[in-house]
Amino acid sequence: MTRAERVSRNLNRALHALFAADERAWLLGEDVADPYGGAFKVTQGLSTAYPDRVLSTPLSENGITGVAGGLALCGDTVIVEIMFGDFAGLAFDPILNLITKSVAMYGERTPMRVVIRCPVGGGRGYGATHSQSPQKHFIGIPHLALYELSPLHDAADVLAAALRRDEPAMLFEDKILYSRRRYVDGRVDDRLAFEPRGADGNWARVHDPDATGAPTLVIAPGGVADRAIAAATRAAERGRTVEVLVPARLYPVDVDGLRDLLDGAHGVIVAEESTAGGTWGSEVAARLHAEAWPLLRGPVELVSSADRVIPSAPHLERAVLLGTDAILDRIMRLPAAPATAAGDRGGRTDAGPAAPAGVSPGVPVDVPRLNPNDDSYVLLEWLVADGATVEAGEPVAAVETSKAIEELAATQAGVLRQDVAAGADCAPGTPIGRILPESAVPAPVEPASVEPPAVPARVTPPGRPLPPAQRRIADVVSTSHREIPVAFTAVRVDVTAALAYARRAADETGATVGLTEVVIAAVAALHERFGALYARLTGDGLVVDAEAPSIGLTVDVGTGLFLPVIRDAAGQDLGDLADAVVALRMKALRGRLREEDMAGMNFLVALNDTPGVTVARPVIPPGVTCALSVPDVHREVVLDGDGGVRERTVADLGLAYDHRLVNGAQAGAYLAALGDALQR
């Protein structure tokens, strides 16, 4: 598969191509000139290549857009960058009363080639005034088209389509997309494919070519597309067929591009990040009801963010913004589609997948062996109420191991009976509940419990038990201290060059690159020279070398410490490493880490970068030989070679190592090599 560029680079390339082809093109915006290149680095290099036509402006969205209207009236092409889409409200007057009306209010049609770019959306913790999705406020303005960037459309094609109309347009760009890679070669992943549809390839259809049955269609623009795709994948695990339709042009709505897909579809859901009421989704629903009602099986469903101000705190922001879970919930709330033969979208006659042959009533919900290092797990919660009907493949319980939280799925459809209460310890292989056929459901039973023998009343001692997650951490730490003879060495490293390198890499790749990613890359590169530090010691006293570096990373989400793993770290560039780190952290924050995300580690990078922490001694997890601590950086003043004084940024990197495999000289040589790599 072709290595895809990031969405921000794709847009940057499209802007460079536009300026190379159109000598009357202008770009106006706040801080768009080099070296800053815009708040999200989309305009990098443009002012260097076209210094007379790429201009950083004063902080006045109203003024910037008004100037753009004047230039367009003179026949020029103008790209306006609004630093944050929230501020587009300040430009509403010139958009409503100048640039759009100028197309038709002078007695003849006047081309107005203006594209107003607006970074929108949350997910970055920017708070109430920098995270909104204001698209709905611009729907219905005559001669104004609305577009949205997506990872499934080439930005050059979108810009060309917008400018080809000779009318003003707004291009909304979800900020979370900038660092993500585009989908190319017609593939989203190993299961899902995509194809362009409709005029100008306006619609991208994401689907499973091997799926059968009438699909639920989820219409989702821009940054919501990935959330909808994730929801479709999880719905497929529960036996649903879901296709995701991603438009490049939001308004006017292109119904013609949907007609053949609507015929036979089980249902239609429109997902968008804006709040409900007067939305783009309601415009889509109105158009579909008016022009394609005979093709619909029911009303179009709408799902959006909560009707509240967007908070900055990540957990509160997640509670407000539309996420994968909300889209999945809306999909699963639709009645299951009737069964169908392969290739038939609309003629299903049976009642859906049957239970496996030979399955007897009361199929147990067993706890599988999830982690070979654990003798028991904690039943964190039941995801489905006792007595509720479940589908085959539907998650019914969450179990916590020493490494992760795993969901247990129903093996067949039926009615769930809970036999063990949440919070209990449960050994691998033991049943915690049963799934009964609906025809054989007895009266609800309470979770089993053992009555304690009668004892004299006693005073409950003060205190509270350790949370399950902290008990697991304590077990790992105790095992490490009991079994591993740990030595520790720390060195002070000048990381000034490493931080500068990270900034350059962030500018070049569009990814969020910092010292963590540079250290991981350096640790991975040292595997070939220092194989002993990546080896493991078996219970028989044998040393097993690692074929490739798989670097573990500490992620503390407040409810537990997790150690997800970046596999084959040496084969990834800094941008890929940054993507991997962000993805693992987000999975940890959302409670989505799985055992496979934390398997195979042979070196640990422990982040102890709380402000003010200068030295930290990490714990070596069982099965690993070395753990490198990366504390907070700090500045110090030193003498240079000429006796002068200079300031530098340093970090005291600490290496904890298993003295059975690694000696002090090896540890010192390793830290010296690591320091050299970070100072180049």
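Residues numbered from 1 in each chain as written. Predicted model: local features only at pLDDT ≥ 70, side-chain atom pairs only at ≥ 80, totals over all residues. Heavy atoms only, no water.

Caption draft 1: Highlighting the pattern of salt bridges. Evaluation of the coordinates by the stated rule reveals 36 salt bridges. As a salt-bridge pair, E173 and R117 come within 2.6 Å of each other at their nearest N and O atoms. Taken as a pair, E173 in strand β6 (residues 169-174) and R117 in strand β4 (residues 114-120) lie far apart in primary sequence, 56 residues in all. The residues E173 and R117 share a single accessibility class, namely buried. For R648, the salt bridge is made with E636, and the minimal N-O distance between the two is 2.6 Å. On the criterion of sequence distance, the pair formed by R648 in strand β32 (residues 645-658) and E636 in strand β31 (residues 634-639) is long-range, its members being twelve residues apart. The burial state of R648 is the same as that of E636; both residues are buried. (Salt bridge = Lys/Arg side-chain N within 4 Å of Asp/Glu carboxyl O. Helix = DSSP H or I, 4+ residues; strand = E, 2+ residues; numbered from the N terminus. Buried < 20%, exposed > 50% of the residue type's maximum accessible area, 1.4 Å probe, protein only.)

Caption draft 2: Focus on the environment of L144. Mapped onto the fold, L144 is located in the loop between β4 and β5 (145-148). Residue classification places L144 among the buried residues on the basis of a relative accessible area of 3%. L144 sits 399 residues away from V543 along the chain, and the two C-alpha atoms are 68 Å apart. Contact partners of L144, with chain neighbours within four places excluded, come to I95, T100, F138, P168, A169, M170 and Y251. (Contact = heavy atoms within 4.5 Å.)

Caption draft 3: Structural view of the packing of helix α13 (residues 515-525) against helix α15 (residues 664-679). Two numbers describe how α13 lies on α15: the axes approach to 10 Å, and their chain directions differ by 130°. Classified by the angle between their axes, α13 and α15 sit oblique to one another. Like other packed secondary-structure pairs, α13 and α15 cross with a definite hand, here right-handed. Of α15, the residues touching α13 (which contributes V518, V519, A522 and V523) are Y670, L674, A677 and L678. Classifying every residue of the contact of α13 with α15 gives eight nonpolar, no polar and no charged. (Axes fitted to C-alpha atoms, helices over the stretch in contact; angles between N-to-C directions. Parallel < 35°, antiparallel > 145°, perpendicular 65-115°, else oblique. Left-handed = near helix turned anticlockwise from the far one by under 90°. Nonpolar A, V, L, I, M, F, W, Y, C, P; charged D, E, K, R; others polar.)

Caption draft 4: Looking closely at the nonpolar core. One finds V523, Y534, F603, L628 and L655 to be the most contacted residues of the largest nonpolar core, which totals 54 residues. Every residue in contact with L628, bar those within four places of it in the chain, is listed here: V519, V523, F603, L604, V605, A606, P618, L653, G654, L655, L671 and L674. Within the second largest apolar cluster, 46 residues are counted, among which are A72, V120, L250 and L296. (Core = buried A, V, L, I, M, F, W, Y, C linked by side-chain atoms within 4.5 Å.)

Caption draft 5: Quick look at the sheet that holds β4. Pairing within the open sheet is mixed, and its seven strands lie in the order β2-β1-β3-β4-β6-β5-β11. With one partner strand each, in any of the chains shown, β2 (54-56) and β11 (249-251) form the two edges of the open sheet. Strand after strand, the sheet turns through a mean of 20° between neighbouring axes, direction not considered. Sheet strands in contact with helix α1 (residues 7-21) are β1 (25-29), β2, β3 (77-81), β4 and β6, and its direction is about 135° off that of β1. (Pairing = 2+ DSSP bridges.)

Caption draft 6: A look at the sheet that holds strand β18 (residues 405-409). Spatially, β18-β17-β15-β20 is the arrangement adopted by the four strands of the open sheet, whose pairing is antiparallel. The strands lining the two open edges of the sheet, one partner per strand, are β18 and β20 (425-426). Sheet topology places strand β15 (residues 377-382) next to strand β17 (residues 395-400); four bridges connect them, and they run antiparallel. By the bridge assignment, W382 is partnered in β17 with A397.

Caption draft 7: Molecular detail of the pairing of β6. Burial runs high along β6: six of the six residues are buried. On β6, burial covers both faces: A169, L171 and E173 on one face and M170, F172 and D174 on the other are all buried. Pairing of β4 with β6 involves six bridges; the strand directions are parallel. Within the sheet, the bridge partner assigned to V120 lies in β6 and is D174.

Caption draft 8: Main features of the environment of R164. Relative to the helices and strands, R164 is located in helix α5 (residues 155-164). Only 3.4 Å separates the side chain of R164 from the side chain of D200, close enough to count as a polar contact. (Polar contact = N/O pair within 3.5 Å; in protein donor to acceptor, adjacent residues only side chain to side chain.)

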